[in-house]
Every structure is written in C-alpha cells, then in structure tokens.
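Descriptive analysis of the structure
Residue-level listing of the chains:
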Amino acid sequence: MVDGASVPRLCQVVLDCPDARALAEFYRSLLGLVYRPGDEPPETGAVDERGRDWLVLRSPEGAPQLAFQQVDRLPAATWPHGPVPQQLHLDLTVASVEELRVQHERVLRLGGRLLLDRIDDPEEPLRVYADPAGHPFCVFVA
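Anyway, here's the lowdown on the structure attached to this text. (Residues numbered from 1 in each chain as written. Predicted model: local features only at pLDDT ≥ 70, side-chain atom pairs only at ≥ 80, totals over all residues. Heavy atoms only, no water.)

**Considerations on the overall build of the protein chain**
Stated precisely, the cut-off is as follows: Helix and strand assignments come from DSSP, with helices taken as H or I runs of at least 4 residues and strands as E runs of at least 2, each series counted from the N terminus. When checking whether two residues touch, look at their non-hydrogen atoms; a contact exists if any pair is within 4.5 Å. Accessibility throughout is a Shrake-Rupley quantity obtained with a 1.4 Å probe, and a residue counts as covered only by protein chains that appear here.
Secondary structure summary: the protein chain contains two helices and eight strands in total. Along the protein chain, helices (α) and strands (β) appear in the sequence β-α-β-β-β-β-α-β-β-β when read from the amino end. By its C-alpha atoms, the protein chain is 50 × 45 × 35 Å across when sized along the principal axes. Across the protein chain, every contact between residues at least 6 apart in sequence was considered, and the portion connecting residues at least 24 apart equals 54%. Surface summary for the protein chain: the accessible area is close to 8600 Å², and the carbon and sulfur share equals 52%.

**Quick word on the packing of helix 1 (residues 20-31) against helix 2 (residues 97-110)**
Formally: Axis lines are fitted to C-alpha atoms, over the contacting stretch for helices. Their N-to-C directions set the angle, which ranges from 0 to 180 degrees. Small angles under 35 degrees read as roughly parallel and large ones over 145 as roughly antiparallel, with 65 to 115 read as roughly perpendicular and the rest as oblique. Crossings are sorted by hand: turned counterclockwise from the far helix by less than a right angle, the near helix makes the crossing left-handed, and turned clockwise it makes it right-handed. Side-chain classes follow a simple rule in which Ala, Val, Leu, Ile, Met, Phe, Trp, Tyr, Cys and Pro form the nonpolar group, Asp, Glu, Lys and Arg form the charged group, and the remainder, Gly included, forms the polar group.
At their nearest, the axes of helix 1 and helix 2 sit 10 Å apart, and the two run at 160° to each other. When the axis of helix 1 is compared with that of helix 2, the two are roughly antiparallel. Crossing angle aside, the handedness with which helix 1 passes helix 2 is right-handed. Judged by residue contacts, Phe-26, Ser-29 and Leu-30 of helix 1 engage Gln-103, Arg-106, Val-107 and Leu-110 from helix 2. When grouped by side-chain class, the residues that make up the contact of helix 1 with helix 2 number four nonpolar, two polar and one charged.

**Details of the environment of Pro-42**
Put simply, the test is: Type-normalised accessible area, obtained with a 1.4 Å probe on protein chains alone, sets the label of each residue: buried when under 20%, exposed when over 50%, and partly exposed for intermediate values.
Among the structural elements, Pro-42 can be located in the loop between strand 2 (34-35) and strand 3 (54-58). On the basis of relative accessibility, which here comes to 32%, the residue Pro-42 falls in the partly exposed class.

**Some thoughts on the pattern of salt bridges**
So the rule is basically this: Salt bridges are defined as contacts in which a side-chain nitrogen from Lys or Arg sits within 4 Å of a carboxyl oxygen from Asp or Glu.
Taken as a whole and judged by the stated rule, the model has seven salt bridges. Of the charged contacts, one joins Arg-28 and Glu-25 as a salt bridge, the two residues approaching to 2.8 Å between their closest N and O atoms. Of this pair, Arg-28 and Glu-25 both sit in helix 1, three residues apart, roughly one helical turn. Accessibility expressed as a relative area gives 27% for Arg-28, which makes it partly exposed.

**Examining the packing of aromatic side chains**
Filter applied, for reference: For Phe, Tyr and Trp, rings pair up if their centres lie within 6.5 Å, where Trp contributes its six-membered ring, and each pair is then called stacked (planes under 30 degrees apart), edge-to-face (over 60) or tilted (otherwise).
Tallied over the full model, the rule gives five aromatic pairs. An angle of 85° between the planes, with centres 5.0 Å apart, marks the rings of Phe-26 and Tyr-27 as edge-to-face. Both residues of the pair, Phe-26 and Tyr-27, count as buried. Taken together, a centroid distance of 5.9 Å and an interplanar angle of 65° make the contact between Tyr-27 and Phe-137 edge-to-face. Placement of Tyr-27 in helix 1 and of Phe-137 in strand 8 (residues 136-141) is noted, with a sequence separation of 110 residues between them. The class of Tyr-27 is buried, set by a relative accessible area of 0%. With a relative accessible area of 0%, Phe-137 lands in the buried category. In textbook terms, an aromatic cluster arises when at least three aromatic residues are bridged by ring pairs, as seen for Phe-26, Tyr-27, Phe-68, Tyr-129 and Phe-137.

**Describing the environment of Pro-60**
Positionally, Pro-60 belongs in the loop between strand 3 and strand 4 (64-70). Sequence spacing of Pro-60 and Gly-32 is 28 residues, and the spatial spacing of their C-alpha atoms is 7.7 Å.

As structure tokens, this is what we get:
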C-alpha cells in the first residue's frame, strides 16, 4: 500500500493543438471554465503571445482542469475508423437524454462535430464528438 501523501496528484489534462487559443475558447465556452490569471485573451488587435504557446483553464473555483499546448502539426484522430486512434478522450456527463440533446446543439454551435451517435442506447445514451482540433470527447447520460 502506498502512503497517500507520497503519490503524485493529477493536476490537469494537456491537449496538443495547432491553435491553443481557439481550442481553449471552445472548452471554456463548453464547460464554463475560466482562464488562469494572465492567460485571458488580449485586447482586440494586440498580439496573443500566450495563445501561441500554452494556456490553462480552471474551474470557476480555481482548480486546474485543462491546458493547451501549441504544436506545429497535429494528426487528427480518425477514430472510430481509420489508422489514427483517439489516444485520449474526455468523458463529459449530463443528467438526462433531454440535456444530451441540448448539449449536442451547443457542441455543434461551438465548432465541434459529431463522430458517433448512440443517443438511443437504453443503457448509456451517448454521443461522441471531435473538438475543433480533432480530439474526440464523449457526452453521455450518467
């Protein structure tokens, strides 16, 4: 048994992306997160230095959640068919099929795209999407 004080603590999930600001904005809007102080978008017309490298989103209470690391290239996952696996995905939950339908419209409006639709699954209604950078994520009823 490992002493609880001697194990690492998960801080955040980091997503590689070709446009860190755009992906951070997608998840900020979708999940109601806020930027770490200093990572907010610059004023209109100003250079977005932080958005070209690394951005962090936190819960409104301040807990780290997601970070975005700018990369030159990112092969998009071709899951569920094709040679590039999803490698990692986020699971998001809602309370009802009705809420899943509402969130479907939000995801699409924010720039996500539907990859798999199992909303009629009686055991676990779900939909799988790709975010604007191509990372798959699920929204399911739990």
